[in-house]
Amino acid sequence: ALILIFAGALIAVGFDSRYLLRIIIMIGLAAIVVLLVLRPYLPTLPFRAGKTVKVGSFLGKIEATTMIHTRMRTFDGKTVFIPNSIILKDVVINYHHTPTRRLKIDIPIRHIKDILKAKQVMESIMIDDPRVRLEPARPTVYVLNLVDGCVKLGARCWVDNDKYWISQCEMLEKMLYRIDLEKIILAGRR
């Protein structure tokens, strides 16, 4: 629209329209070449609207981005306006950049004699869950640590990114329930 207004003003002043069209075409081609050459060097934000990201201490969904700032809605209902200059300088975690995410559930048990039983319970819950993917790795339970009579077990599996939070919450609940049914005592409980 600005180009048309500018061209109309030049024609109204008496500028020759044949030369004007050539100048507009040359300027347009020059702008395209400059954009194609400089595109790799122009900073871009590592997310789009609708994605869940963490920027600094803020975690939430991106609502919109402008040339100056990014608007984020945190999960506790706050709207945060983050200057893009800060985003480009800080570490950004984009939770939707990949289609899958590794789920980690750590459960401390009290007795070493219950390790195999607890590992079987935790692994069977992951394998039976239809949201758990077998690629890039099968569900596994590791013995992570032994501290002060506490054996820390870690369940690891892969789920689709959009099902991550609900999968983690539901699997943790199922694991705790089944561990209690199997009479495996959690660390810190009597």
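Here, the structure is the one placed above.
Residues numbered from 1 in each chain as written. Predicted model: local features only at pLDDT ≥ 70, side-chain atom pairs only at ≥ 80, totals over all residues. Heavy atoms only, no water.

Asks: What should I look at first to understand the packing of helix α4 (residues 115-128) against helix α5 (residues 164-181) in this one?
Replies: If you want to describe how two helices pack, look at the angle between their axes and the distance between the axes. It is at 10 Å that the axes of α4 and α5 come closest, and there the two elements cross at 140 degrees. Here α5 runs oblique to α4, going by the angle between their axes. The two elements α4 and α5 cross, and the hand of that crossing is right-handed. Counted together, Val121, Met122, Ser124, Ile125 and Met126 of α4 and Met171, Lys174, Met175, Arg178 and Ile179 of α5 form the full contact between these two elements. Of the residues contributing to the contact of α4 with α5, the split by class is seven nonpolar, one polar and two charged. (Axes fitted to C-alpha atoms, helices over the stretch in contact; angles between N-to-C directions. Helix = DSSP H or I, 4+ residues; strand = E, 2+ residues; numbered from the N terminus. Parallel < 35°, antiparallel > 145°, perpendicular 65-115°, else oblique. Left-handed = near helix turned anticlockwise from the far one by under 90°. Contact = heavy atoms within 4.5 Å. Nonpolar A, V, L, I, M, F, W, Y, C, P; charged D, E, K, R; others polar.)

Asks: Sorry, what's going on with the nonpolar core here?
Replies: In this structure, Ile107, Ile109, Met122, Leu153, Met171 and Met175 are the most contacted members of the largest nonpolar core, which totals 23 residues. Sorting the residues of this core by element identifies β6 (100-109), α4, β9 (150-160) and α5 as the ones contributing at least two each. Counting residues per element, this core draws most heavily on α4, at six residues. Those residues in contact with Met122 that lie beyond four places of it in its chain are Ile105, Ile107, Val141, Leu153, Ala155, Met175 and Ile179. Of all hydrophobic cores here, the second largest spans eight residues; its members include Met72, Val80, Ile82 and Ile87. (Core = buried A, V, L, I, M, F, W, Y, C linked by side-chain atoms within 4.5 Å. Buried < 20%, exposed > 50% of the residue type's maximum accessible area, 1.4 Å probe, protein only.)

Asks: What's the story with α4 in this structure? I'm lost.
Replies: With 14 residues, α4 extends 20 Å between its outermost C-alpha atoms, agreeing within 8% with the 20 Å of an ideal straight helix rising 1.5 Å per residue. Here α4 has its buried residues at Ile115, Ala118, Val121, Met122, Ile125 and Met126. Looking down the long axis of α4, one finds its buried residues gathered within 140 degrees of arc, a one-sided arrangement. The outward face of α4, more than 90 degrees from its buried face, is lined by the exposed residues Leu116, Gln120 and Asp128. (Expected span 1.5 Å × (residues − 1). Arc of directions from axis to C-beta.)

Asks: Please clarify how the sheet that holds strand β1 (residues 52-55) should be interpreted in this entry.
Replies: Read from one edge of the open sheet, five strands run β4-β3-β2-β1-β5, paired in antiparallel fashion. Of all the strands in the sheet, the pair left with one neighbour each is β4 (79-83) and β5 (92-94). Taken over all neighbouring pairs, the strand axes of this sheet differ in orientation by 40 degrees on average, direction set aside. Note that β1 and β5 share three bridges and pair antiparallel. Following the sheet pairing, Lys54 is matched in β5 by Ile93. (Pairing = 2+ DSSP bridges.)

Asks: Honestly, the environment of Val92 in this entry has me stumped. Any pointers?
Replies: Relative to the helices and strands, Val92 resides in strand β5. Looking at Val92, the relative accessible area reads 23%, which means it is partly exposed. In sequence terms Val92 and Val53 are 39 residues apart; their C-alpha atoms lie 6.9 Å from each other. Setting aside chain neighbours within four positions, we find Val92 in contact with Pro46, Phe47, Lys54, Val55 and Ile87.

Asks: I keep staring at unusual backbone geometry and nothing clicks. Help me out?
Replies: Across residues other than glycine, the phi torsion is negative in most instances, and most of the peptide bonds are trans. Going from Glu135 to Pro136, the amide bond is cis rather than trans, its omega being 10 degrees. Of note in this structure, Lys183 is not a glycine but carries a positive phi near 65 degrees. Given a relative accessible area of 68%, Lys183 falls into the exposed group.

Asks: Sorry, what's going on with the packing of aromatic side chains here?
Replies: The description of an aromatic ring pair rests on the distance of the ring centres and on the angle between the ring planes. Counted according to the given criterion, the structure contains one aromatic pair. With 5.0 Å between their ring centres and 80 degrees between their planes, Tyr164 and Trp165 make a pair best called edge-to-face. Under the relative-accessibility criterion, Tyr164 is labelled buried at 8%. Against the face of Tyr164 rests Arg101, its NZ or CZ located 3.7 Å from the ring centre. (Phe/Tyr/Trp six-rings, centres within 6.5 Å; stacked < 30°, edge-to-face > 60°. Lys NZ or Arg CZ within 6 Å of the ring centre and 35° of its normal.)

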